[in-house]
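Chains, contacts and geometry: an overview
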Amino acid sequence: MDPVSESEVERGLVEKAKRVLPGGTFGNFPSEVVIREGRGGRVWDEGGREYVDFLLGSGPMLVGHAHPEVTAAVHERIARGTTFFANNRWGIELAEAIIEAVPCAEQVRFVSSGTEADLYAMRAARAFTRRDKILKFEGGYHGMSDYSLMSLAPKRSGNFPAPVPDSAGIPKSVRDDMIIAPFNDAEVVEGLVKEHRDELAGVIVEPFQRIIPPAPGFLEKLRKITAENGVPLIFDEVVTGFRLAYGGAQEYYGVVPDLCTLGKVIGGGFPLAAIAGREEIMAHFDKNKVGDENFLVQIGTLSGNPVAAAAGLATMAILKRPGAYERIHATGRELMGALGDLLKRAGIAAQVTGEPPLFDVVFTDQPIRDYRSTLSGDTELMRRFNALLRERGILKGESKYYISLAHTDQDIKDTIGIWKDVIAELKQ
Ligand SMILES: Cc1ncc(COP(=O)(O)O)c(C=O)c1O
């Protein structure tokens, strides 16, 4: 296709999307970007523009787009039927691989999205403790359920521990069951857990919250406080699972929760997520173990889907090979270092925050510790920076660079070159 007709096709699709989709989008990403294909660490849009891809489908494509081994596994599976509702070998083997990899995982229940996994993890904690309230952290992302949308990204800060709903359409009553704490503040958490221990069903946390690493000792203290007060600790590892390390954040930071949720990487680019954890809590998914009254009802048409499981298994086999995480971390370290240096040399106040597989910059001179400190960032500068990067050929989310095993030395070089040009332009 010649470039003129490519841009016509793209314009047509953008217009059509505006007619048929609210806001012209699937709800995830600006409507002017329509991606046509991806290979390795790059994607191409319908206008034929090529990007170094740090969006990675919002994280699942850790081994790169259209990895030949994942594609082959999926092709083989698809030709023999795509969903059965009943148990299938691939789902069973994926559960086994998760249990081998993830420290807290003694049993696994599959669902189709991270949102569902978090919703059911909170329900499992409630069923286990027979209590109602969940403590979550301000700025913590646990999907789109009514509970998770409390104090995810409040425009106006509430007073801890009162929750602030982030969305229209959430019943007022949900507020009564959520307690909000600041990330990285173990003292506040300790006070809240002690005060509410008789009604607190669980504490849910992203062990690495968005792009904010845990402060030294924070997760250890969280583990101690919850254990001492008989409150299950849930790690949301939808992002960090199989990304920070093969065993996720719990391996990387060395703190083991009671339950965790997984998504993104374990579906290899297909819809699949999971709740995993201690057998005693997972028993609530089994009526024969806990009886009618304590049984947690959970059914999903596509749960344990064999195509997704085959893609997940193939992805995990690639990640398990020696050197995979060293490579991901080395790529991320090089990029984080280069971005920090370029901004420093340009005299732009900025914090490059995160871990090598996942990071971004916040334009502020304040250290980033929790959700409120991210609000000190210059959002207009960030918007301009991201827009210029996209124009020059870097695709990324609003506030994240996801690193892929497939990113090459050339991808790194091109990215640093584009950063250099764009930072110079920001200074003009
Ligand atoms: C930490 C975390 N938990 C849960 C979710 C929700 O997952 P999904 O989009 O599959 O519902 C996300 C999605 O980005 C996430 O980042």
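Below: a short report on this structure.

What counts and how
Residues numbered from 1 in each chain as written. Predicted model: local features only at pLDDT ≥ 70, side-chain atom pairs only at ≥ 80, totals over all residues. Heavy atoms only, no water. Buried < 20%, exposed > 50% of the residue type's maximum accessible area, 1.4 Å probe, protein only. Helix = DSSP H or I, 4+ residues; strand = E, 2+ residues; numbered from the N terminus. Pairing = 2+ DSSP bridges. Patch = residues over 30% accessible without salt bridge, like charges linked within 9 Å, V, L, I, M, F, W, Y side chains within 5 Å. Areas by Shrake-Rupley, 256 points an atom, 1.4 Å probe, with all protein chains shown as cover. Salt bridge = Lys/Arg side-chain N within 4 Å of Asp/Glu carboxyl O. Lys, Arg positive; Asp, Glu negative; His and termini not counted. Charge placed at Lys NZ, Arg CZ, Asp CG, Glu CD. 1 Å grid on protein atoms, 1.4 Å probe; cavity = no way out; pocket = protein on both sides within 12 Å on 5 of 7 lines; lining within 4 Å. Points joined across faces, edges and corners; volume = space filled by probe spheres on them. Near = heavy atom within 4 Å. Polar contact = N/O pair within 3.5 Å; in protein donor to acceptor, adjacent residues only side chain to side chain. Nonpolar A, V, L, I, M, F, W, Y, C, P; charged D, E, K, R; others polar. Contact = heavy atoms within 4.5 Å. Core = buried A, V, L, I, M, F, W, Y, C linked by side-chain atoms within 4.5 Å.

What to know about the pairing of strand β10 (residues 273-277)
In terms of residue burial, β10 counts as a mostly covered element, since five of its five residues are buried. Judged by which residues are buried, β10 turns out to be covered on both faces: A273, I275 and G277 on one side and A274 and A276 on the other are all buried. Two strands pair when backbone bridges link them, and strand β4 (residues 107-111) and β10 are joined in this way by five bridges, in the antiparallel orientation. Of the residues in β10, the one forming a bridge with V108 is A276. Pairing of strand β9 (residues 259-262) with β10, which is carried by four bridges, proceeds in the antiparallel orientation. Counterpart to T261 in the pairing with β10 is I275.

Remarks on a negative patch on the surface
A cluster of acidic residues, D132, E195, D198 and E199, forms a negative patch at the surface. Mapped onto the elements of the fold, E199 is located in the loop between α5 (186-196) and β7 (200-205). The partly exposed category is assigned to E199, whose relative accessible area is 33%.

Thoughts on the sheet that holds strand β11 (residues 351-355)
Sheet strands pair by backbone hydrogen bonding; their relative direction is either parallel or antiparallel. One open sheet holds the three strands; their spatial order is β11-β12-β14, and the pairing between them is antiparallel. One side of each edge strand has no neighbouring strand; the edge strands of this open sheet are β11 and β14 (401-402). Note: β11 against strand β12 (residues 358-362), five bridges, orientation antiparallel. If you follow T353 over to β12, its bridge partner there is D360.

Quick notes on the layout of surface pockets
What the second largest pocket holds in volume is close to 550 Å³. Every residue lining the second largest pocket is counted, 22 residues in all, and those nearest its centre are N87, V108, R109, F110 and S303.

A word on unusual backbone geometry
Looking along the chain, the bond that leaves F160 and enters P161 is cis, with omega of 5°. Its place among the elements puts P161 in the loop between β5 (133-137) and β6 (178-181). Even without being a glycine, S58 presents a positive backbone phi close to 65°. Here S58 is to be found in the loop between β3 (50-53) and α2 (68-78). Its relative accessible area of 34% is what places S58 among the partly exposed residues. The phi torsion at A66 lies on the positive side, around 50°, for a residue other than glycine. When you line up the elements, A66 lands in the loop between β3 and α2.

What about the site of the ligand?
Surrounding the ligand, one finds 13 residues, the nearest of these being G114, T115, D236, V239 and K264. Contact between the ligand and D118: a nitrogen atom at 3.5 Å from a side-chain N or O atom of the residue. D236 places a side-chain nitrogen or oxygen 2.7 Å from a nitrogen atom of the ligand. Protein contact buries 82% of the 390 Å² of open area that the ligand shows by itself. By residue class, the composition of the shell around the ligand is three nonpolar, five polar and five charged.

Let's talk about the environment of G24
Of note, G24 is situated in the loop between α1 (3-20) and β1 (35-39). Residue G24 is classed as buried on the basis of its relative accessible area of 5%. Between the C-alpha atom of G24 and that of L13, which follows or precedes it by eleven residues, the distance is 9.9 Å. Sequence-distant contacts of G24, that is, excluding residues within four places in its chain, are made with A17, K18 and S31.

Concerning a nonpolar patch on the surface
Among the surface-exposed residues, F85, V297 and I299 lie close enough to one another that they form a single nonpolar patch of about 350 Å² accessible area. When you line up the elements, V297 lands in the loop between α9 (287-294) and α10 (306-319).

Let's talk about the side chain of H284
Of note, H284 is situated in the loop between α8 (279-282) and α9. Not counting the four nearest positions on each side in its chain, H284 is found in contact with A127, F128, V290, N294, F295 and L296.

Describing the nonpolar core
Where a protein is soluble and globular, its nonpolar side chains tend to be buried together. One finds I98, F137, F242, F385 and W419 to be the most contacted residues of the largest nonpolar core, which totals 100 residues. Ignoring any residue separated from it by four or fewer positions in sequence, one finds I98 in contact with A105, V108, F110, F242, L262, I266 and M316. The next biggest cluster of nonpolar side chains, apart from the first, holds 25 residues, and it includes A121, A124, V174 and L259.

Here's the deal with the environment of E106
Position of E106 among the secondary structure elements: in the loop between α3 (89-101) and β4. Residue classification places E106 among the partly exposed positions, given a relative accessible area of 42%. When the C-alpha atoms of E106 and K18 are compared, they prove to be 46 Å apart, with 88 residues separating the residues in sequence. Not counting residues within four places of it along the chain, the set of residues in contact with E106 comprises I99, G277, R278 and E279. A distance of 2.8 Å separates a polar side-chain atom of E106 from the backbone nitrogen of E279.

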